[in-house]
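Spelled out, the chains give:
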Amino acid sequence: MPWVAIIIPFTNRHEHLKHWLYFLHPMLMRQQLDYGVYVINQDGEGVFNRAKLMNAGYVEALKQNDYDCFVFSDVDLVPLDDRNIYKCFDNPRHLSVAMDKFNFRIVFRGMSISRPDSETGRYKMIKHHRDLHSEANPKNPDKLRHTQRSMDKDGINSLKYTVKEIVKDALYTFITVDIQAPANYKNI
Ligand code: UDP
Ligand code: MN
């Protein structure tokens, strides 16, 4: 059985985390997976950088255990169907198909995306307002247009962060990282 690391980018959403753990742990146990949950907490008041936290989570989880499968989840996304198995498939898999977003990075690498059917892939997103320090990045459309050019040097291989604290709870590992996030989008 492969070991699955579940990575959650996080800052200041403890209420959601409580719900996520409450719903997900029983489901993950029913799915009989060997898994670890890693909450990657962005330190400080800088602009929230979800992708960087996901990358840091990948690196940190591997330091803890010999994982061979990685699942990335928002803290507010709760699957509605037990059959949506949190394991790895032959292709990168988009679990929350009802929350469709950008998938082309994967396509640039010559891979394709695996998905559950639309019944199994139903998700509930806990209602929330947009957080402070998490406004839409005005440069995103431009960045996305140039992904193919930037993706070889913008990711794990250029990742810089420092670990400030690792707290191991029975149900999850809470890792606080400083990713040197700028105070606003002007410098990104
Ligand atoms: N997030 C967080 N704190 C924030 C902003 C985002 O923990 O202040 C994390 C959290 O896991 C959240 C995810 O990043 O579910 C995506 O952010 P958000 O839910 O705001 O995005 P949207 O709902 O617009 O997809
Ligand atoms: Mn959300």
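Scroll up a little and you will see the structure.
To start, this report covers the structure provided alongside it. (Residues numbered from 1 in each chain as written. Chains lettered and ligands numbered in written order. Predicted model: local features only at pLDDT ≥ 70, side-chain atom pairs only at ≥ 80, totals over all residues. Heavy atoms only, no water.)

Moving on to the packing of aromatic side chains. Going through the model one piece at a time under the given rule, you end up with 7 aromatic pairs. Relative to Tyr 67, the ring of Tyr 38 lies with its centre 5.7 Å away and its plane at 85°, an arrangement referred to as edge-to-face. In this pair, Tyr 38 sits in strand β2 (residues 34-42) while Tyr 67 sits in the loop between α2 (50-64) and β3 (69-72), placing the two residues 29 residues apart along the sequence. Neither Tyr 38 nor Tyr 67 differs from the other in exposure class; each is buried. Ring geometry for Tyr 58 against Phe 70: centres 4.6 Å apart, planes inclined by 55°, an arrangement best described as tilted. Taken together, the positions of Tyr 58 in helix α2 and Phe 70 in strand β3 put the pair 12 residues apart, joining distant regions of the chain. The exposure class assigned to Tyr 58 is partly exposed, which follows from its relative accessible area of 29%. Through a chain of ring-to-ring contacts, three or more aromatic side chains come together here, namely Trp 3, Tyr 38, Tyr 58, Tyr 67 and Phe 70. Stacked on the ring of Phe 89, the Lys or Arg Lys 87 has its end atom at 4.9 Å from the ring centre. Here Arg 93 stacks its cationic end above the ring of Phe 89, 3.7 Å away from the centre of that ring. (Phe/Tyr/Trp six-rings, centres within 6.5 Å; stacked < 30°, edge-to-face > 60°. Helix = DSSP H or I, 4+ residues; strand = E, 2+ residues; numbered from the N terminus. Buried < 20%, exposed > 50% of the residue type's maximum accessible area, 1.4 Å probe, protein only. Lys NZ or Arg CZ within 6 Å of the ring centre and 35° of its normal.)

Let us look at α2. Taking 1.5 Å per residue as the helical rise, α2 with its 15 residues ought to reach 21 Å, and the 21 Å between its terminal C-alpha atoms agrees with that figure. Buried within α2 are the following residues: Leu 53, Met 54, Ala 56, Gly 57, Glu 60 and Ala 61. Projected down its long axis, α2 carries its buried residues within an arc of 165°, all on one side. At its buried positions, α2 is contacted by β1 (3-10), β2, β3, β6 (162-168) and β7 (173-178). (Expected span 1.5 Å × (residues − 1). Arc of directions from axis to C-beta. Contact = heavy atoms within 4.5 Å.)

Turning our eyes to something else, we now look at the coordination of the manganese ion (ligand 2). Donor atoms from the polypeptide that bind the manganese ion (ligand 2) are Asp 76 (OD) and His 128 (NE2), placed at 2.0 to 2.4 Å. With a gap of 52 residues between them, Asp 76 in the loop between β3 and β4 (77-79) and His 128 in the loop between β5 (123-125) and α4 (140-145) connect regions that are remote in the sequence. Judged by relative accessible area, which is 32%, His 128 ranks as partly exposed. (Donors = N, O, S within 2.8 Å, 3.2 Å for Na, K, Ca; no water.)

Moving on: the environment of Glu 60. Residue placement: Glu 60 occurs in helix α2. For Glu 60, a relative accessible area of 2% translates into the label buried. Setting aside chain neighbours within four positions, we find Glu 60 in contact with Tyr 161, Val 163, Ile 166 and Ile 175.

Along the chain, Tyr 123 falls in strand β5. Tyr 123 sits in the buried class, given a relative accessible area of 11%. Measuring from C-alpha to C-alpha, the distance between Tyr 123 and Asp 81 comes to 7.9 Å, with 42 residues separating the pair along the chain. A polar side-chain atom of Tyr 123 sits 2.6 Å from a polar atom in the side chain of Tyr 86. (Polar contact = N/O pair within 3.5 Å; in protein donor to acceptor, adjacent residues only side chain to side chain.)

Moving on, we get to the pattern of salt bridges. Counted according to the given criterion, the structure contains 10 salt bridges. With its nearest N and O atoms 2.8 Å apart, the salt bridge here joins Arg 50 to Asp 74. Within this pair, whereas Arg 50 is found in helix α2, its partner Asp 74 is found in the loop between β3 and β4, the two being separated by 24 residues in sequence. Residue Asp 74 is classed as buried on the basis of its relative accessible area of 18%. Of the charged contacts in the structure, one is a salt bridge between Asp 142 and Arg 145, with a shortest N-O distance of 2.6 Å. Here Asp 142 and its partner Arg 145 are both found in helix α4, 3 residues apart, which amounts to about one turn of the helix. Taking the relative accessible area as the measure of exposure, Asp 142 reaches 38% and is therefore partly exposed. Each of Arg 13, Asp 76 and Asp 131 takes part in a single network of salt bridges with overlapping partners. (Salt bridge = Lys/Arg side-chain N within 4 Å of Asp/Glu carboxyl O.)

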